[in-house]
2 protein chains.
Amino acid sequence: MKKNLKIGLAQINSRVGDLQFNLSKISNLISLAKKRNVDLLCFPELALTGYPPEDLLLNNKFLKSIDVAVKNLEKITSGISVIIGYPRKIDKKLFNVAGVFVEGKLQKEYKKFQLPNYGVFDEDRYFEKGTEPVTFTIHNRKIGITICEDIWVDTKAINKRIRNDPIDLLINLSASPFSLDKQKRRLHILKKISKKNRIGICYCNIVGGQDELVFDGRSMVLDNNGNVVAYGKEFEEDLLIKNVNFKKNKSSICLSKKDDSHYLEKVLLALRLGLKDYVHKNNFSKVLLGISGGIDSALAAAIAVQALGKNNVLGIALPTQYNSDKSLNLAQELSRNIGFKLRVASIQGVFENTNKLLADMIYGKTPRDTTEENLQARIRANVLMATSNKLGHLLLCSGNKSEISIGYSTLYGDATGGLAILKDIPKTLVYKLARFYNRLNPDNLIPKEIILREPSAELRENQKDSDSLPPYRTLDAILELYIEEGKSLKEISSTLKISRALTSTIIQKVNNSEFKRRQSPPGIKITVKAFGRDRRYPITNRFIDA
Amino acid sequence: MKKNLKIGLAQINSRVGDLQFNLSKISNLISLAKKRNVDLLCFPELALTGYPPEDLLLNNKFLKSIDVAVKNLEKITSGISVIIGYPRKIDKKLFNVAGVFVEGKLQKEYKKFQLPNYGVFDEDRYFEKGTEPVTFTIHNRKIGITICEDIWVDTKAINKRIRNDPIDLLINLSASPFSLDKQKRRLHILKKISKKNRIGICYCNIVGGQDELVFDGRSMVLDNNGNVVAYGKEFEEDLLIKNVNFKKNKSSICLSKKDDSHYLEKVLLALRLGLKDYVHKNNFSKVLLGISGGIDSALAAAIAVQALGKNNVLGIALPTQYNSDKSLNLAQELSRNIGFKLRVASIQGVFENTNKLLADMIYGKTPRDTTEENLQARIRANVLMATSNKLGHLLLCSGNKSEISIGYSTLYGDATGGLAILKDIPKTLVYKLARFYNRLNPDNLIPKEIILREPSAELRENQKDSDSLPPYRTLDAILELYIEEGKSLKEISSTLKISRALTSTIIQKVNNSEFKRRQSPPGIKITVKAFGRDRRYPITNRFIDA
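So, here is what we can say about the structure in this document. A quick note: this is a predicted structure, and the numbers were derived from the prediction, not measured. (Residues numbered from 1 in each chain as written. Chains lettered and ligands numbered in written order. Predicted model: local features only at pLDDT ≥ 70, side-chain atom pairs only at ≥ 80, totals over all residues. Heavy atoms only, no water.)

Looking at the element boundaries, I80(B) is found in the loop between α2 (60-76) and β3 (81-90). Not counting residues within four places of it along the chain, the set of residues in contact with I80(B) comprises I30(B), A33(B), K34(B), V38(B), D39(B), L41(B), F101(B), V102(B) and E103(B). (Helix = DSSP H or I, 4+ residues; strand = E, 2+ residues; numbered from the N terminus. Contact = heavy atoms within 4.5 Å.)

Pasting the structure below:
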């Protein structure tokens, strides 16, 4: 029996549906691992297809091409053991599988027991549950298999499995999307299982952006005392190789503290990767966005430049009479500092023409109301989308979670674009991220005045966000308790010591703007409860919880 | 033992989330049923909350208000037996329940066994499965309970239940959404169960529109030979009362043939109800839509007038230099025939101004391409949305399924509105519906020329749909096989005897326009596979099945 096993954790950035691309990536890593004498190379959950493949899993041709790819995997796994996740139809039922390839043979297939079907997950829509534990042996070391959710739902069941059939090492293949505090929660569970069973764990997580989700990688090896002895990179592909030692009772050095990045850095990395992958995986290279001189578009532009390079970001300022000179000056200062190109085009003429057409031909002279405010936002969207069509740049939306929550945005106006990069970032977090970005990038500053000035949509004379909204600190506190924690009006009002009237107004705004969110661009999930697949509310809804 | 039981099937149009409204409706029907000496009154699945309540089911206050409503149900059910569906938290688990109220007491709660989690359904997201069959007795007649999916998944299990514990009558409470042929499929299953077990069945289905779904009601009573002895109305609320006779072997008259409406009529009724409920349940009374002189907007306007009344529909024609005089004349003839008001406003000036702004200030002089076509559609959307905002009319989108499938539409342009009434209607079906509408409404004709003229988007000189698309008959045949039946390129091409190249082009267009559909308005499901919650494809998707 070998004293150590050399284990590789290949946290790859798969492309959903692109089996050829994924297989070639997998093949390269297998070659590399062989050269480095790895005994067992692990790939993440559904690494072969990318995660989540959604309704591609109902496509027979897709399922058949997986069978072909699995055959190809056998060809390239001679001389090494490999465990890798893929969906597989077995006896007319579809499973979420971990295939164990030993010496060029598919030796075993473990079928995931626990299928998440909450939040962003829809696994019951596609998969049947597995019921048979699977272990395999390498150099006389017995290894147990789990897939993602298996360890989250019921650690007692995992402990029982291990008690009934003792193993030397537990593998977990995951496609675990990033959200704030998720890394801590993962570590907590892994430590618990490791300590309870005095067992080492290899946790291999996928990495990359896929529509609304970002997977952060950050694979881990834990010794049999629950200590992390090796980490994979965060938000980057990595091949983590570690000699796993099976001596019991040996306390290793815990890496969990010294390796921890700041949570704001994690969020910036998540947004950067989510944006980059969305753009590139959808065959774009360049983006454009409206630059107002406000904080949201400034942060979005700064992240876009980091993700894609300054030559791949185009800013467009589209002022009317309601936009201050200061806004334009700040937009220009931002573009100089961050280094992207800025075009300026006043939409005042088009705005006036359209207003005249509406008054003359459709609804007559009327007092100004939000119609004219929305119209400005929609004319901007038209100019931005025309530019997107003409130049082939993807339009970014820079609306934040606070405004999207309460409908303080214009459908088909500022809420347009291929991706809404800040959709899950509350306004107060936008400010924190901008300040943190400035700390990290002293040579490419977001102008301080952009961070300090009072927020305004500048859609009418002297408009301020505070005219119609409570301070963002208050608003975001209410929204967090309501949307992320599911608290009631009463609980929110008493926890925050805020009037029931204000709390009620905000909750009603959230409920009344579902129709806008249903047609809004996808955004990158960062919090525990994002909009999109994560939160499925009816548009037609008469429940009054405020 | 009474020879007959007088059973009432109350197919009600609940409002999702509006427990007070629903309870008051339920209460009125209970009073009416008491007056008519009904022994057992049945309400549909989740009748108390409306179906589907989606993530409202994760809201604790919502769940608590159901407990209160159930207590209220006890108060109003003295002197009658009532069975009604609602969600209920029991021992910390949420179930889809049928509550049996006898003489003012909640006697039993049956928990749904089979939870649909495919297509538009997400019941595993919310509910636990029930495992205990429930029967109850009225006038010594033993009655079994099922909820919707219970009878669809596994009729053998139902037969076994009945064998193990014989009953006199089977109840099924449903929230079964309409789609083409769905009524036949329901009847087929009910007949099978009835005949096999020599048992009568009362099938009580909910009615009404809820976002993407329309429930068609059409409750049924079957005798113990599988014959339908009474039907509830289609697409309307109804209280169906029937004396159920328990004599075995008596053959009753089968109503299934003579009562069957034409499938095109069913589709028109479904669209009308779906639209009416979407508009009214979201607190609108009036709609507006762009009228082009083409068939889609003509049919949409005709249905809207039937659903809401001619004074509640406003048409707006927004021509440019590319729109023929004939189009405008036909739009005007349509408005006169159908009876809605039409406004006309040329967007040519705004179009030219915007183009000049784009060329001068942003991307310079360029050859014309689809950018300018999209821009016209988006300027129209701006004018329509401004009118919507100013007048408080809901904007209808009249895009059809064929164009939405292949992205032959402009995001934020013609694909805008609160509801896309024809989203699930292929173009060839649009034609059939228009002709059928004219047969039913000889005094309010859609002008024949609108039906006969060659379809065109009129976004450039002499443009025809056939410039870039195959004939709609061919296109729709490909789309039906691909989207609804999940056939492969090879199968489609050989079934239809169409070149692989054309089939491949169409399939690729479907896959490449997911980003547009994700931001498109909700539409009313009519076919077996609609867009929206029914079909969940990734935007970022590199699978090539063409």
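Residue and element names in this part refer to chain A. Overall, mixed pairing links the 6 strands, which are arranged β5-β4-β3-β2-β1-β14 in an open sheet. The strands lining the two open edges of the sheet, one partner per strand, are β5 (105-111) and β14 (238-245). Neighbour to neighbour, the strand axes of the sheet diverge by 30° on average, direction disregarded. The pairing of strand β1 (residues 4-11) with β14 spans 8 bridges and is classified as antiparallel. Within β14, the position partnered with G8 by the bridge is I241. (Pairing = 2+ DSSP bridges. Axes fitted to C-alpha atoms, helices over the stretch in contact; angles between N-to-C directions.)

Cis geometry marks the peptide bond from Y51(A) to P52(A); its omega dihedral reads -10°. Structurally, the position occupied by P52(A) is in the loop between β2 (40-42) and α2 (60-76). Although it is not a glycine, N462(A) sits at a positive phi angle of roughly 55°. When you line up the elements, N462(A) lands in the loop between α13 (448-452) and α14 (465-468). Of the residues examined, N462(A) reaches a relative accessible area of 65% and is grouped as exposed. Here K497(B), not a glycine, exhibits a phi torsion of approximately 55°, which is positive. (Buried < 20%, exposed > 50% of the residue type's maximum accessible area, 1.4 Å probe, protein only.)

Let us look at the interface of chain A and chain B. Taken together, the contact between chain A and chain B spans 84 residues of the former and 83 residues of the latter. Summed over both partners, the interface of chain A with chain B comes to about 7,400 Å²; 53% of that surface belongs to carbon and sulfur atoms. In this structure, the connection of chain A to chain B is made through 8 salt bridges. R518(B) serves as the salt-bridge partner of D211(A), at 3.8 Å between the closest nitrogen and oxygen. At the junction of chain A with chain B, the criterion picks out 49 residue pairs in polar contact (both at pLDDT 80 or more). At the level of secondary structure, the elements contributing two or more residues to the side of chain A that touches chain B comprise α2, α6 (263-281), β17 (341-344), α9 (348-363) and α10 (370-391) of chain A. The dominant element in the side of chain A that touches chain B, judged by the number of residues it contributes, is α10(A), at 14 residues. Across the side of chain A that touches chain B, the residue classes break down as 36 nonpolar, 24 polar and 24 charged. (Buried area = accessible area lost by both parts, 1.4 Å probe. Salt bridge = Lys/Arg side-chain N within 4 Å of Asp/Glu carboxyl O. Polar contact = N/O pair within 3.5 Å; in protein donor to acceptor, adjacent residues only side chain to side chain. Nonpolar A, V, L, I, M, F, W, Y, C, P; charged D, E, K, R; others polar.)

So, on to the side chain of T410(A). All names here are of chain A. Within the secondary structure, T410 is located in the loop between α11 (401-406) and β19 (419-420). Assessed through its relative accessible area of 4%, T410 is described here as buried. Ignoring sequence-local partners within four residues, the contact set of T410 consists of N374, A377, R378 and A415.

Whenever strands of a sheet pair, they do so through backbone hydrogen bonds, lying parallel or antiparallel. Residues and elements named next belong to chain A. Here we have 6 strands laid out as an open sheet, ordered β6-β7-β8-β9-β12-β13, and mixed in their pairing. The sheet is open, and its two borders are formed by β6 (135-138) and β13 (228-231), each paired with just one other strand. Taking each pair of neighbouring strands and ignoring which way they run, the sheet shows an average axis angle of 20°. Bridge count between strand β7 (residues 141-147) and strand β8 (residues 169-174): 5 bridges; the pairing is parallel. Considered in β8, the bridge of G144 is made with L170.

This brings us to helix α15 (residues 472-484) of chain A. For α15(A), the complete set of buried residues consists of Y472(A), L475(A), D476(A), I478(A), L479(A), L481(A), Y482(A) and I483(A). Looking one or two residues past α15(A), G486(A) carries a phi angle of roughly 65°, positive in sign.

Attention now moves to the packing of aromatic side chains. Residue and element names in this part refer to chain A. Inspection of every chain in the model, using the stated rule, returns 12 aromatic pairs over all chains. Taken together, a centroid distance of 5.5 Å and an interplanar angle of 75° make the contact between Y118 and F121 edge-to-face. The partly exposed category is assigned to Y118, whose relative accessible area is 41%. The ring of F113 has R161 lying over it, and the distance from NZ or CZ to the ring centre is 4.1 Å. (Phe/Tyr/Trp six-rings, centres within 6.5 Å; stacked < 30°, edge-to-face > 60°. Lys NZ or Arg CZ within 6 Å of the ring centre and 35° of its normal.)

Superposing chain A onto chain B takes a rotation of 180° combined with a translation of 0.0 Å along the rotation axis, leaving an RMSD of 0.0 Å. Expressed as a symmetry operation, the mapping of one chain copy onto the other fits a two-fold axis. Identified as the residue of chain A closest to the rotation axis by C-alpha distance is Q519(A), at 2.1 Å. (Least-squares fit on C-alpha atoms with pLDDT ≥ 70 in both.)

With that settled, consider the side chain of D216(B). Residue and element names in this part refer to chain B. With respect to the element layout, D216 can be found in strand β11 (residues 213-216). The exposure class assigned to D216 is buried, which follows from its relative accessible area of 0%. At 2.8 Å, the side chain of D216 and the side chain of Q183 are in polar contact. Sequence-distant contacts of D216, defined by excluding residues within four places in its chain, comprise S176, P177, F178, Q183, R186, N205, I206, V207, K233, E234 and F235.

Right, let's get into empty space enclosed by the protein. Evaluated as defined, the whole model comprises 11 cavities of 30 Å³ or more. For the largest cavity, the calculated volume is near 520 Å³. If you go around the largest cavity, you meet 27 residues; those closest to its centre are R518(A), R533(A), R518(B), G532(B) and R533(B). When residues of the lining of the largest cavity are traced back to their parent elements, those giving at least two are α18 (514-518) of chain A together with α18 (514-518) of chain B. Taken together, the residues that form the lining of the largest cavity break down as 6 nonpolar, 4 polar and 17 charged. (1 Å grid on protein atoms, 1.4 Å probe; cavity = no way out; pocket = protein on both sides within 12 Å on 5 of 7 lines; lining within 4 Å. Points joined across faces, edges and corners; volume = space filled by probe spheres on them.)

On to a positive patch on the surface. On the surface, a cluster of positive charge is contributed by K61(A), K64(A), K490(B) and R500(B). Looking at the element boundaries, K61(A) is found in helix α2. (Patch = residues over 30% accessible without salt bridge, like charges linked within 9 Å, V, L, I, M, F, W, Y side chains within 5 Å. Areas by Shrake-Rupley, 256 points an atom, 1.4 Å probe, with all protein chains shown as cover. Lys, Arg positive; Asp, Glu negative; His and termini not counted. Charge placed at Lys NZ, Arg CZ, Asp CG, Glu CD.)

Looking now at the state of the cysteines. Residue and element names in this part refer to chain B. Summed over the entire model, instances satisfying the criterion amount to 0 disulfides over all chains. You can see C202 has no disulfide; the closest cysteine sulfur is in C42, sitting 5.8 Å from it. According to the relative accessible area criterion, C202 is buried, its value standing at 0%. (Disulfide = S-S within 2.5 Å.)

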